[in-house]
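# Report on the structure
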Amino acid sequence: MAFAYLVFFGAVAGVRLGTHAAIDVLVAALPDSWRKAVAWFNYLLLALFFIVMTILFAWQGWISRNVHTIALDLSRSLSYAPLALASAGMFVQHLIVERPWTVRQHRNLESLI
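Structure report, in brief. Everything numeric here is computed off the predicted structure, so don't read it as measured data. (Residues numbered from 1 in each chain as written. Predicted model: local features only at pLDDT ≥ 70, side-chain atom pairs only at ≥ 80, totals over all residues. Heavy atoms only, no water.)

The next subject is the packing of aromatic side chains. Summed over the entire model, instances satisfying the criterion amount to three aromatic pairs. Arranged with centres 5.4 Å apart and planes meeting at 85 degrees, the rings of Phe-8 and Phe-57 form a pair that is edge-to-face. Of this pair, Phe-8 sits in helix α1 (residues 2-17) while Phe-57 sits in helix α3 (residues 32-63), and the two are 49 residues apart along the sequence. Residues Phe-8 and Phe-57 agree in their burial class; the two are buried. Taking 5.8 Å as the distance between ring centres and 80 degrees as the angle between the ring planes, the aromatic pair formed by Trp-40 and Tyr-43 counts as edge-to-face. Of this pair, Trp-40 and Tyr-43 both sit in helix α3, three residues apart, roughly one helical turn. Overall, the relative accessible area of 10% leaves Tyr-43 in the buried class. In this arrangement the basic side chain of Arg-65 is found over the ring face of Trp-62, its NZ or CZ atom lying 3.9 Å from the centre. (Phe/Tyr/Trp six-rings, centres within 6.5 Å; stacked < 30°, edge-to-face > 60°. Helix = DSSP H or I, 4+ residues; strand = E, 2+ residues; numbered from the N terminus. Buried < 20%, exposed > 50% of the residue type's maximum accessible area, 1.4 Å probe, protein only. Lys NZ or Arg CZ within 6 Å of the ring centre and 35° of its normal.)

On the surface, Met-1, Leu-72, Leu-74 and Leu-78 cluster together into a nonpolar patch covering about 350 Å² of accessible area. Checked against the element boundaries, Met-1 lands in the segment before α1. Residue classification places Met-1 among the partly exposed residues on the basis of a relative accessible area of 40%. (Patch = residues over 30% accessible without salt bridge, like charges linked within 9 Å, V, L, I, M, F, W, Y side chains within 5 Å. Areas by Shrake-Rupley, 256 points an atom, 1.4 Å probe, with all protein chains shown as cover. Salt bridge = Lys/Arg side-chain N within 4 Å of Asp/Glu carboxyl O.)

Okay, the pattern of salt bridges next. Opposite charge on two side chains permits pairing when their charged atoms draw close. As enumerated under the stated definition, the model contains one salt bridge in all. Residue Arg-35 pairs with Asp-32 through a salt bridge whose shortest N-O separation is 2.7 Å. Placement of the pair is Arg-35 and Asp-32 together in helix α3, with a separation of three residues, close to one helical turn. Residue Asp-32 is classed as exposed on the basis of its relative accessible area, which comes to 52%.

Following this line, the structure appears as structure tokens:
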């Protein structure tokens, strides 16, 4: 459970810092108007994905609140509810960081060290 927490809450920081791998060779070869369309599509698709993940994890946390794990006898909602919170955090960070209506600035990767 702790590893899942680490991965998902680390992903919130990854979204904020923009450290996920991106291969944009094909997109960079497109005309400006197409690049803007791809940026908007990516923005909306990821926002929808984070919303769906938040809803599904919250629902799973709710319906599994009376089910207990075998090894630790903890409620299964302790496994899923924090993942819903992390997914909501990724959604918020995505809305803050990604802005397809502005020129994309290169991020300072020195903050990772």
